[in-house]
Amino acid sequence: MHIHKYEKIWLIFGLTTLLIFLSVLGVSAFYLGNQPPSCLATINPEKVDTTKPFNKPGLKKVKGKAWDYELVFVASAFNYNPGEIEVPKGAKVKVIATTKDVIHGFEVAGTNINMMLEPGFISEFETTFDKTGEFLIVCNEYCGAGHHMMTSKIKVVE
Ligand code: CUA
């Protein structure tokens, strides 16, 4: 088949544009995959236990911030530390979490808290607990044999 010279030029031009477009897409997908927007701060996953604030997981009252408490969680296969925590009703809380090993989820059932915990990154979520009750924390990223048993609990009390 005979292809006209100009058709050939347009064909090459079209293919080049497509290739550039695809590589831009690929590159941005790569960066998105490696740095989820909620995980801006980084941490050495092997030194979580000795790195603030993860050296003392749990609830801490803070002053001079937009939130009243910081609720720190350390995830590892297959549990969360703390395994259960009480939070006063109406408290403005910043949840700060990371993982010591593989990717874990951090979903608080019945709330809009849903984070992915990636080794090397710190995930944060600001929220106000304005309903009393028990809220189960579940792992929603498959992380291995004990995945389905990986839970913790937030008790919101008066
Ligand atoms: Cu941790 Cu699934």
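A brief structural summary. The numbers attached to residues start from 1 for each chain and follow its sequence in the written order. Per-residue local features of the predicted model are confined to residues with pLDDT of at least 70, and side-chain atom pairs are confined, for both listing and counting, to 80 or more; whole-chain, interface and lining totals are unaffected and use all residues.

Some points on the nonpolar core
Moving on, step 1. What we call a nonpolar core is a set of buried Ala, Val, Leu, Ile, Met, Phe, Trp, Tyr and Cys residues whose membership is set by joining through C-beta atoms within 7 Å. With C-beta atoms placed from the backbone, a residue is buried if 20 or more other C-beta atoms are within 10 Å of its own, exposed if 12 or fewer are, and partly exposed between those counts. Within the largest apolar cluster, 22 residues are counted, with the highest numbers of intra-cluster contacts made by Phe 73, Ala 75, Val 95, Ala 97 and Phe 106.
Moving on, step 2. Listed by contribution, the elements that provide at least two residues to this core are β3 (69–76), β6 (92–99), β7 (104–108), β8 (114–117), β9 (121–128) and β11 (151–157).
Moving on, step 3. Helix and strand definitions here come from DSSP, where helices need a minimum of 4 consecutive H or I residues and strands a minimum of 2 consecutive E residues; each element is numbered from the N-terminal end. For this core, the element with the most residues is β3, which contributes 5 residues.

Examining the pairing of β3
Moving on, step 1. Summarising burial for β3: 6 of the 8 residues are buried, a large majority.
Moving on, step 2. Pairing between strands is defined by DSSP: at least two bridges between the two strands are required. Here 4 bridges tie strand β2 (residues 58–61) to β3, and the two strands are oriented antiparallel to one another. When the bridges of β3 are listed, Lys 61 appears paired with Tyr 69.
Moving on, step 3. Both β3 and β6 contribute to a ladder of 7 bridges, which runs parallel. Among the inter-strand pairings, Val 72 is bridged to a residue of β6, identified as Ile 96.
Moving on, step 4. Note: β3 against strand β4 (residues 79–81), 3 bridges, orientation antiparallel. Residue pairing in the sheet places Val 74 in a bridge with Asn 81 of β4.
Moving on, step 5. Linking β3 to β4, which pair antiparallel, is a turn of 2 residues.

Some details on the environment of Lys 61
Moving on, step 1. Looking at the element boundaries, Lys 61 is found in strand β2.
Moving on, step 2. Residue class for Lys 61 comes out exposed when judged on the 9 C-beta atoms lying within 10 Å of it.
Moving on, step 3. A C-alpha to C-alpha distance of 14 Å links Lys 61 and Glu 126, two positions 65 residues apart in sequence.

Here's the deal with unusual backbone geometry
Moving on, step 1. Here Ala 77 and Phe 78 are connected by a cis peptide whose omega angle stands at 0°.
Moving on, step 2. Following the sequence through the fold, Phe 78 ends up in the loop between β3 and β4.
Moving on, step 3. Backbone torsion omega between Asn 81 and Pro 82 reads 5°, so that peptide bond is classified as cis.

Details of the sheet that holds β8
Moving on, step 1. The strand order across the open sheet formed by 5 strands is β5-β11-β10-β7-β8, and the pairing between neighbours is mixed. Pairing within the sheet leaves two strands with one partner each, and these edge strands are β5 (85–88) and β8. Strand-to-strand twist in this sheet, taken as the mean axis angle between neighbours without regard to direction, amounts to 20°. Every axis corresponds to a line fitted to the C-alpha atoms, with the helix fit spanning only the stretch in contact, and the corresponding angles, defined between N-to-C directions, vary from 0 to 180 degrees.

Looking at the pairing of strand β10 (residues 133–138)
Moving on, step 1. Of the pairings in the sheet, the one linking β7 to β10 comprises 2 bridges and is antiparallel in character. Along β10, the bridge assignment pairs Glu 107 with Val 138.
Moving on, step 2. In this sheet, β11 lies alongside β10 in antiparallel orientation, the contact comprising 6 bridges. Counterpart to Leu 136 in the pairing with β11 is Lys 153.

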